[in-house]
Amino acid sequence: MKTIQLILLFFASQLFAQQSIDSIINLKTLDLQLNGINHFFYFETYCNGGIKMLKLNEKDCSVENSNIYVFWRNNDKDFLQKVSNCTNPVIEISNKIIDFYSSNINTFVKENVERYKTSQDSIVANKKYSFVKMTVHSCFINFHFYINSVFMEKKFDEFDLTNEKKDPNINYKLNKKLKLVELAKMCEKIIKNTHLK
């Protein structure tokens, strides 16, 4: 049986050789499932409008300029690993984040981070007008949840979590209270504390 798993993993790695985000996630998901793990999620971060600096002869391990991390539970132990084009260590973590994920998964499915709005929508001559504020350079968070054998993505712009005095965000308080945002903060904290980049 182990030989069959290795052959499947080999063919999957050849199939996903382009190393796109989807292929990296599919390959890691196959690896987890072959090891009997079905309780996991991915946390992806990326920014637009930025420049990446690499040292001479330094390998770029990022996938499409994203940082992707997978969190999972196996035999009552929780783990974190950066998923990239390079080999990364598996780090054992506390059960706090997977417990939070498990108890709030149905909430995550329903929640959405609302856009940065400066006032309520209005309708004039049967046309809806929204007053949203945007930025040229922003960073995004994208969760890839694996629920009942199906992937579901939840993405939001971190700018929508901000608030400015001049043009207040009317969705600021609502967004800050979301369990999805709380999970993102937990992920960022644990990644920082484990010194994964």
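The structure presented is a predicted model; accordingly, all values stated were derived computationally and were not measured.

J.: Looking at this model, I keep getting lost on the overall build of the chain. Mind explaining?
T.: Looking only at helices and strands, the chain has 5 helices and 8 strands in total. Long-range contacts, defined here as pairs at least 24 residues apart, represent 60% of the contacts in the chain between residues at least 6 apart. With an accessible surface of roughly 12,400 Å², the chain has 54% of that area assigned to carbon and sulfur atoms.

J.: What is the right way to look at the sheet that holds strand S7 (residues 139-147) in this model?
T.: What holds strands together in a sheet is hydrogen bonding between their backbones, with the strands either parallel or antiparallel. The 6 strands lie next to each other as S4-S3-S2-S1-S7-S8, forming an open sheet whose pairing is antiparallel. Where the open sheet ends on each side, the last strands, each with one partner, are strand S4 (91-93) and strand S8 (150-157). For this sheet, the mean angle separating the axes of adjacent strands, direction not counted, is 25°. Across 7 bridges, the pairing between strand S1 (residues 40-47) and S7 is antiparallel. Considered in S7, the bridge of Phe43 is made with Phe143. Seen against the sheet, helix H3 (residues 96-110) touches S1, strand S2 (67-74), strand S3 (77-83), S4, S7 and S8 and runs at an angle of roughly 95° to S7. Each of S1, S2, S3, S4, S7 and S8 is contacted by helix H5 (residues 179-193), which is oriented at about 100° to S7, the strand it contacts most.

J.: When you look at the pairing of S8 in this model, what are you seeing that I'm missing?
T.: Each regular strand shows side chains that alternate between the opposite faces of the sheet. Bridging between S7 and S8 involves 8 bridges; their strand directions are antiparallel. Opposite Phe140, over in S8, you have Asp157 as the bridge partner.

J.: Would you take a moment to explain the nonpolar core for this structure?
T.: Membership of the largest hydrophobic core comes to 28 residues, with the highest contact counts inside it found for Phe41, Phe71, Ile97, Phe143 and Leu183. Contributing elements (two or more residues each) for this core: S1, S2, S4, H3, S7 and H5. Per element, the largest residue contribution to this core is 8 residues, and it comes from H5. One finds Leu32, Phe40, Val70 and Val83 within the second-largest nonpolar core, a separate group that totals 13 residues.

So, how was this worked out
Per-chain numbering applies: the sequence of each chain, read as written, is numbered from 1 onward. This being a predicted model, a pLDDT of at least 70 is required before a residue's local features are given, and a value of 80 or more before pairs of side-chain atoms are given or counted; all residues contribute to the totals for chains, interfaces and linings. Note that water and hydrogens are dropped before the side-chain values are worked out from all heavy atoms of the structure. Helical segments are the DSSP runs of H or I of at least four residues, strand segments are the runs of E of at least two, and each set is numbered from the N terminus. Throughout, a contact is declared for two residues whenever any of their heavy atoms are within 4.5 Å. Here, Shrake-Rupley sampling with a 1.4 Å probe gives the accessible areas, and only protein chains in the shown set may cover a residue. One bridge is not enough; two strands pair if DSSP finds at least two bridges between them. In this analysis, axes come from line fits to C-alpha atoms, helices being fitted only over the stretch in contact, and the angle between any two N-to-C directions falls in the range 0 to 180 degrees. The set of buried Ala, Val, Leu, Ile, Met, Phe, Trp, Tyr and Cys residues whose side-chain atoms join them within 4.5 Å is what this entry labels a nonpolar core. Residue exposure (1.4 Å probe, protein chains only): buried if accessible area is under 20% of the type maximum, exposed if over 50%, otherwise partly exposed.

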